[in-house]
Amino acid sequence: MTGKPYTFDILLDEGTLSNYDNHLVRKLSDLKGYFNDREAYQSMLGVEEAVLYDVYELHRPELAGELLHGISIIHPGKVGSEYFMTKGHFHTVIETSEVYHCLKGEGVMIMETPEGEWAVEPLSSGKVLYVPPRWAHRSVNTGADEDLVMFFAYPGNAGHDYGSIERQGFRQLVTEIDGKLELVKNPRWLRPEER
Ligand code: F6R
Ligand code: ZN
């Protein structure tokens, strides 16, 4: 890590960075309980340990004045009818935001606030997405056979709070029904006053 300015390249064809400190690999077994179709999850796990997504990051101090940055690569695939996706999280410091720049592929970002307001934004090469403070976010690859690659940057002090999303998921599931993307109500989701 350096205090000096630097540049690096995003190697899109290779799906990596010219320079990075951390490579996170999230496999199917890391997302136990996240997909709605438990039977499909179990039977898929019995056959293969699919990699759902990779994250490459440069290490920066976890300070408010820093911007943590890197790329996420969500691979194509489905568990039952639900597309491969990231775990999703709130930032621990909930008043922190995040910016994404989609570089390749097709997908959506599903987002919601602690009060249950939700939003979904399409992602395709060239799109920039701003996730305001207070919005939990999950990236979903809705493409048939291409990786969804995004550059991200967020405040160094943000932190990650996976708790409530791990327990009950987002309000909407991103699924494919009859070959088309459909948002389906998540049966496990509870309103804040029901939790
Ligand atoms: C950082 C951020 C992304 C995600 C990455 C993996 O705040 O939102 O870098 O960390 O897309 O997703 P999660 O962390 O939800 O598994
Ligand atoms: Zn985040």
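Every chain begins its residue count from 1, and numbering advances along the sequence as written. Written order determines the labels here, with chains lettered from A and ligands numbered from 1. Where totals are concerned, whole chains, interfaces and linings use all residues; where local detail is concerned, this predicted model gives features only for residues with pLDDT of at least 70, and gives and counts side-chain atom pairs only at 80 or more. Heavy atoms from the whole structure form the basis of all side-chain values; hydrogens and water molecules are not counted.

### A few points about the overall build of the protein
Our working rule: Numbered from the N terminus, helices here are DSSP runs of H or I no shorter than four residues, and strands are runs of E no shorter than two. Two things to know: the radius of gyration comes from C-alpha atoms, and the globule rule equals 2.2 Å times the number of residues to the power 0.38. Only protein chains enter the accessibility calculation, which uses a 1.4 Å probe. A residue is then buried if its area is under 20% of the maximum for its type, exposed if over 50%, and partly exposed in between.
Helix and strand counts for the protein come out as two helices and 17 strands. By the compact-globule yardstick of 16 Å for 195 residues, the protein fits well, its C-alpha radius of gyration being 17 Å. The C-alpha extent of the protein, read off along each of the three principal axes, is 50 × 40 × 30 Å. Buried residues in the protein amount to 44% of all 195 residues.

### Here we look at unusual backbone geometry
Note on backbone geometry: most residues besides glycine have negative phi, and most peptide bonds are trans. In this model, Arg134 sits at a positive phi of 85°, which is unusual for a non-glycine residue. Mapping Arg134 onto the fold places it in the loop between β12 (128–131) and β13 (136–141). Residue class for Arg134 comes out partly exposed when judged on its relative accessible area of 27%. Its identity is not glycine, yet Asp178 carries a phi of approximately 50°, on the positive side. In this structure, Asp178 sits in the loop between β16 (172–177) and β17 (180–185). Exposure remark for Asp178: the relative accessible area of 77% places this residue in the exposed category.

### Description of the pattern of salt bridges
Using the following cut-off: By definition here, a salt bridge exists when the distance from a side-chain nitrogen of Lys or Arg to a carboxyl oxygen of Asp or Glu is within 4 Å.
Tallied over the entire structure, the rule returns four salt bridges. Lys78 serves as the salt-bridge partner of Glu176, at 3.0 Å between the closest nitrogen and oxygen. Taken together, the positions of Glu176 in strand β16 and Lys78 in strand β6 (residues 78–79) put the pair 98 residues apart, joining distant regions of the chain. Accessibility expressed as a relative area gives 26% for Glu176, which makes it partly exposed. Glu95 is the partner of Arg134 in a salt bridge, and the nearest nitrogen-oxygen pair spans 3.9 Å. One end of the pair, Arg134, is in the loop between β12 and β13; the other, Glu95, is in the loop between β8 (90–91) and β9 (98–104), with 39 residues separating them in the sequence. Several salt bridges share partner residues, and in doing so they unite Glu95, Glu115 and Arg134 into one network.

### A closer look at the site of ligand 1
Put simply, the rule is: Residues are counted as near a molecule or strand when any one of their heavy atoms sits within 4 Å of it. For the purposes of these results, a polar contact is taken to be a pair of N or O atoms within 3.5 Å, where, inside protein, one atom must be able to donate a hydrogen and its partner to accept one; residues adjacent in sequence count only when each atom of the pair is a side-chain atom. Accessible surface area values rest on a Shrake-Rupley calculation with a 1.4 Å probe, where residue burial reflects the displayed protein chains alone. Amino acid classes used here: Ala, Val, Leu, Ile, Met, Phe, Trp, Tyr, Cys and Pro are nonpolar; Asp, Glu, Lys and Arg are charged; the rest, including Gly, are polar.
Taken together, 15 residues form the shell around ligand 1, and within it Tyr53, Gly88, Tyr100, His160 and Tyr162 come nearest. The side chain of His91 places a nitrogen or oxygen atom 3.1 Å from an oxygen atom of ligand 1. In this structure, Tyr100 approaches ligand 1 through a side-chain N or O atom, which is 2.7 Å from an oxygen atom. Relative to its free-state accessible area of 390 Å², ligand 1 is covered by the protein chains to the extent of 96%. Residue assignment for the shell around ligand 1 shows that the elements contributing at least two residues are β4 (51–58), β9 and β14 (148–155). The residue inventory of the shell around ligand 1, partitioned by class, reads six nonpolar, seven polar and two charged.

### Here we look at the sheet that holds β9
What counts, and what does not: We treat two strands as partners when DSSP finds at least two bridges between them. Working convention: axes come from line fits to C-alpha atoms, limited for helices to the stretch in contact. Angles between N-to-C directions cover 0 to 180 degrees.
Strand order in this open sheet of six strands is β3-β4-β5-β14-β9-β12, and the pairing throughout is antiparallel. Unpaired on one side and paired on the other, β3 (22–27) and β12 mark the two borders of the sheet. Taking each pair of neighbouring strands and ignoring which way they run, the sheet shows an average axis angle of 20°. As judged from the eight bridges shared by strand β5 (residues 67–74) and β14, these two strands associate in the antiparallel manner. Following the sheet pairing, His69 is matched in β14 by Ala153.

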